[in-house]
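Structural overview
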Amino acid sequence: MHEKRQFIRTEFNGNVKLMHERFGELEVEMRDLSDGGIFLFVAQDLGVAIGENVMLQSLDIEEAPVLTAEVVRIEANGIALKFV
């Protein structure tokens, strides 16, 4: 199987605030991170679709910037996001 990833993923535990008008703000845990995106553990259906943008912010870094990311994959245990 051909690997389509452009960036190397790194397993990384951390907490992120995930934001969208549909569900408000949620504190979630990240599974891995790359220069191009992030995978977040999410235990519920957020009601967002592939292609929609969400906002996220690290809770582990003081005054972390708020980033925009696009939903690229939805799994039973979380979502994959591509940084915009």
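Everything below is about the structure printed above this text.
From a predicted model like this one, the values you see are computed outputs, not experimental measurements.

**Some thoughts on the packing of aromatic side chains**
Taken as a whole, this structure holds 1 aromatic pair when the rule is applied. Seen in terms of ring centroids, F39 and F41 are 6.1 Å apart; in terms of plane orientation they differ by 80°. Their pairing is edge-to-face. Judged by relative accessible area, F41 falls into the partly exposed class, the value being 31%. Lying across the ring of F39, R31 places its NZ or CZ 3.7 Å from the centre.

**Comments concerning the side chain of H20**
The residue H20 is located in strand β1 (residues 10-20) in this model. Judged by its relative accessible area of 12%, H20 falls in the buried class. Only 2.9 Å separates the side chain of H20 from the backbone nitrogen of R22, close enough to count as a polar contact. Excluding residues within four positions of it along the chain, H20 makes contact with V48, E52, N53 and V54.

**Quick notes on the environment of F39**
Positionally, F39 belongs in strand β3 (residues 37-41). A relative accessible area of 1% places F39 in the buried class. It is 9.6 Å that separates the C-alpha atoms of F39 and F12, two residues lying 27 residues apart in sequence. Leaving out residues up to four positions away in the same chain, F39 has contacts with E29, M30, R31, D32, R73, E75, N77, G78, I79 and A80.

**A word on unusual backbone geometry**
The phi torsion of most residues other than glycine is negative, and most of the peptide bonds are trans. Backbone geometry places E63, a non-glycine residue, at a positive phi of 55°. Among the structural elements, E63 can be located in the loop between β4 (53-58) and β5 (67-75). A residue is classified by how much of its surface remains accessible, and E63, at 74% relative accessible area, is exposed.

The rules behind each value
Residues numbered from 1 in each chain as written. Predicted model: local features only at pLDDT ≥ 70, side-chain atom pairs only at ≥ 80, totals over all residues. Heavy atoms only, no water. Phe/Tyr/Trp six-rings, centres within 6.5 Å; stacked < 30°, edge-to-face > 60°. Buried < 20%, exposed > 50% of the residue type's maximum accessible area, 1.4 Å probe, protein only. Lys NZ or Arg CZ within 6 Å of the ring centre and 35° of its normal. Helix = DSSP H or I, 4+ residues; strand = E, 2+ residues; numbered from the N terminus. Polar contact = N/O pair within 3.5 Å; in protein donor to acceptor, adjacent residues only side chain to side chain. Contact = heavy atoms within 4.5 Å.

By themselves, these figures tell us nothing about what the structure is for.
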